[in-house]
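Letter by letter, the chains look like this.
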Amino acid sequence: MRAAVLEEHGEPLAVKEVDYPEPGPDQVIVEPEACGICRSDWHAWQGDWGWVGAEAPEGQILGHEPAGIVSEVGEDVETVSEGDRVTVPFHLADGSCPHCRAGRANVCDTVIPLGFTGIAPGAFAEAFPVREADFNCVQLPDDVDFTEMAGLGCRFMTAYHALSDRADLRPGDWVAVHGCGGVGLSAVHIADALGAHPIAVDVREDKLERAKELGAVATVNAAETDNVAGEVKSIADRGADVSIDALGIAETCTNSIGSLGKTGTHVQVGLTTGEEGGEVSVPVDAMTMQEIEFHGSFGMPLVRYGELFTLIAQGTLDPGKIVGETLSLEEVPETLASMDTYDTVGIPVITEF
Ligand SMILES: [Zn+2]
Ligand SMILES: [Zn+2]
């Protein structure tokens, strides 16, 4: 089968023939019909995240935002069948540790990130295996389109968890979204749909325009001001109630915290680059005196998919709105490279494998 393989960090991915995967007893094989290309793939390609033990090894098949059809089923799998339409969260869990049992499988003790480690080859391929398939496979409703569901494995669900669970978003809240890539645009759309007032921040006008189409009530071009936080605060009256760093560089993190009013909530969604190496200094005294909360947010617990699908079925949320261009597996190396300069708008989705 064909797959896009990371042969050397920073060098173009190689699209080549590899062996079709065999399912282990607890596994299924999924043939993706759609898979998003995410900034996390770009980080993996760069060789980032060794500082949290998550550097993708050379030889890795990347790809972690798939929606597809089950093609083979391991002998111990009970609830997933050949032909099922599924997505999987990028954080493949064991289903049995205390966090999984408490409904927080996104922080599983033995989490295996899809497409970042040799034991979980990713979905930039004609097929990929899913561990603990009974636990990790999420059945897609019959009437949804695979391409529109590509963000459900990572960015769309990440934004949903960040806003609805970690920030406890309320209608009427002012929400600043720093960075309007796939997760940022998802956050703008979700905040708007849930009755909040999103303010979009980015350095690119085309992304800010897309944010406006998705419901941003105001935008701030960070390339045109040296006081992003001040501008957000002036728009949001007393400062944002919730602010998200949807990129993960020092500047967006500190701008996000600075955008908040008293008792506001910062949610860190983006993981950092080689520049920060996992460390950003934050204004702890100001945060303390203003009772500002800092939340980390990682993926989404599996138990939350039900509510997400209900909101999609009701028409409140539409993940298809975040999809950008569609492309073939052969075009993945070039598209990933274009993320060096933040050239993609919305989520690029592979639809031809
Ligand atoms: Zn992702
Ligand atoms: Zn677990």
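Before reading on, note that the structure itself is shown above.
What counts and what doesn't
Residues numbered from 1 in each chain as written. Chains lettered and ligands numbered in written order. Predicted model: local features only at pLDDT ≥ 70, side-chain atom pairs only at ≥ 80, totals over all residues. Heavy atoms only, no water. Helix = DSSP H or I, 4+ residues; strand = E, 2+ residues; numbered from the N terminus. Polar contact = N/O pair within 3.5 Å; in protein donor to acceptor, adjacent residues only side chain to side chain. Contact = heavy atoms within 4.5 Å. Donors = N, O, S within 2.8 Å, 3.2 Å for Na, K, Ca; no water. Buried < 20%, exposed > 50% of the residue type's maximum accessible area, 1.4 Å probe, protein only. Pairing = 2+ DSSP bridges. Right-handed = clockwise from strand over helix to strand, strands pointing away. Phe/Tyr/Trp six-rings, centres within 6.5 Å; stacked < 30°, edge-to-face > 60°. Lys NZ or Arg CZ within 6 Å of the ring centre and 35° of its normal. Axes fitted to C-alpha atoms, helices over the stretch in contact; angles between N-to-C directions. Salt bridge = Lys/Arg side-chain N within 4 Å of Asp/Glu carboxyl O. Patch = residues over 30% accessible without salt bridge, like charges linked within 9 Å, V, L, I, M, F, W, Y side chains within 5 Å. Areas by Shrake-Rupley, 256 points an atom, 1.4 Å probe, with all protein chains shown as cover.

> What is the right way to look at the side chain of His-178 in this model?
Relative to the elements of secondary structure, His-178 occurs in strand β11 (residues 174-178). Within the structure, His-178 has its side chain in polar contact with the side chain of Ser-259 (distance 3.1 Å). When residues no more than four places from it in sequence are discounted, the contact partners of His-178 are Val-201, Val-228, Val-232, Ser-243, Ile-244, Asp-245, Ala-246, Leu-247, Thr-252, Asn-255, Ser-256 and Ser-259.

> Explain the coordination of the zinc ion (ligand 2) to me, please; I cannot follow it from the model alone.
Ideal values differ by geometry: the angle at a metal is 109.5 degrees with four tetrahedral donors, but 90 or 180 degrees with six octahedral donors. Around the zinc ion (ligand 2), the donor atoms from the protein are Asp-94 (OD), Cys-97 (SG), Cys-100 (SG) and Cys-108 (SG), and they sit 2.1 to 2.3 Å away. Within one chain, the residues donating to the zinc ion (ligand 2) are spaced in sequence as D-x2-C-x2-C-x7-C. With a gap of eleven residues between them, Cys-97 in the loop between β7 (91-92) and α2 (98-101) and Cys-108 in the loop between α2 and β8 (112-113) connect regions that are remote in the sequence. For Cys-97, a relative accessible area of 8% corresponds to the buried category. Assessed through its relative accessible area of 4%, Cys-108 is described here as buried.

> For this particular structure, what's the right way to read the pairing of β11?
The side chains of a regular strand alternate, first on one face of the sheet and then on the other. The element β11 is extensively covered by neighbouring structure, given that four of its five residues are classed as buried. Bridge analysis of β11 against strand β12 (residues 197-202) gives five bridges, and the strand direction is parallel. Considered in β12, the bridge of His-178 is made with Val-201. Tracing the backbone out of β11, into helix α5 (residues 182-193) and back to the parallel element β12 gives a crossover that is right-handed. Two elements, β11 and strand β14 (residues 240-245), share four bridges in a ladder whose sense is parallel. Directly across from His-178, in β14, lies its bridge partner Asp-245.

> Would you explain the packing of aromatic side chains in this entry?
To describe a pair of aromatic rings, one takes the distance between the centres and the angle between the planes. Under the defined criterion, the tally for this structure stands at three aromatic pairs. On the numbers, 5.1 Å between centres and 85° between planes, the contact of Phe-90 with Phe-298 is edge-to-face. Taken together, the residues span a long stretch of sequence, with Phe-90 in the loop between β6 (85-87) and β7 and Phe-298 in the loop between β16 (293-296) and α10 (305-313) at a distance of 208 residues. Judged by its relative accessible area of 9%, Phe-90 falls in the buried class. Residue placement shows Arg-85 over the ring face of Phe-146; its charged tip is 4.5 Å from the ring centre.

> Can you walk me through the coordination of the zinc ion (ligand 1) in this structure?
Ligation of the zinc ion (ligand 1) by protein atoms is provided by Cys-38 (SG), His-64 (NE2) and Cys-154 (SG), these donors lying 2.0 to 2.2 Å from the ion. Site description for the zinc ion (ligand 1): donor spacing in sequence, C-x25-H-x89-C. On the criterion of sequence distance, the pair formed by Cys-38 in the loop between β3 (28-36) and α1 (39-46) and His-64 in the loop between β4 (60-61) and β5 (66-73) is long-range, its members being 26 residues apart. Grouping residues by exposure puts Cys-38 and His-64 together as buried.

> Help me understand the environment of Arg-101 in this model?
Summarising the element assignment, Arg-101 is placed in helix α2. Given a relative accessible area of 63%, Arg-101 falls into the exposed group. Taking the C-alpha atoms as reference points, Arg-101 and Val-70, 31 residues apart in sequence, are found 25 Å from one another.

> It is not clear to me how the sheet that holds strand β1 (residues 2-6) should be interpreted in this structure. Could you clarify?
Within a sheet, adjacent strands bond to each other through the backbone by hydrogen bonds, running parallel or antiparallel. The strand order across the open sheet formed by three strands is β2-β1-β4, and the pairing between neighbours is antiparallel. The open sheet is flanked by β2 (14-17) and β4, the only strands paired with a single partner. Summarising the sheet, β1 and β4 pair through two bridges and their orientation is antiparallel. Bridging across to β4, Leu-6 finds its partner in Gln-60.

> Where do I start with the sheet that holds β16 in this structure?
What the six strands build is an open sheet, ordered β13-β12-β11-β14-β15-β16; its pairing is parallel. Across the chains shown, the open sheet's two edge strands, defined by having one partner strand only, are β13 (218-221) and β16. Looking at each pair of strands side by side, their axes are set apart by 20° on average, direction ignored. Taken together, the four bridges between strand β15 (residues 260-268) and β16 define a ladder with parallel strand orientation.

> I'm lost on the pattern of salt bridges in this one. Help?
Opposite charge on two side chains permits pairing when their charged atoms draw close. Enumeration according to the criterion identifies nine salt bridges in this entry. Close ionic contact of Arg-204 with Asp-206 constitutes a salt bridge, the shortest N to O distance being 2.8 Å. Its relative accessible area of 33% is what places Asp-206 among the partly exposed residues. Connected via shared salt-bridge partners are Arg-2, Glu-17 and Glu-330.

> Please clarify how unusual backbone geometry should be interpreted in this entry.
Both trends apply: most residues other than glycine have a negative phi, and most peptide bonds are in trans. Notably, Trp-49 is not glycine yet its phi reads approximately 75°, a positive angle. Mapped onto the fold, Trp-49 is located in the loop between α1 and β4. The class of Trp-49 is buried, set by a relative accessible area of 6%. The backbone phi angle of Thr-263 is positive, close to 65°, even though this residue is not glycine.

> It is not clear to me how a nonpolar patch on the surface should be interpreted in this structure. Could you clarify?
Residues Val-107, Val-111, Leu-271 and Phe-298 make up a contiguous nonpolar surface patch of about 270 Å² in total accessible area. Looking at Val-111, the relative accessible area reads 31%, which means it is partly exposed.

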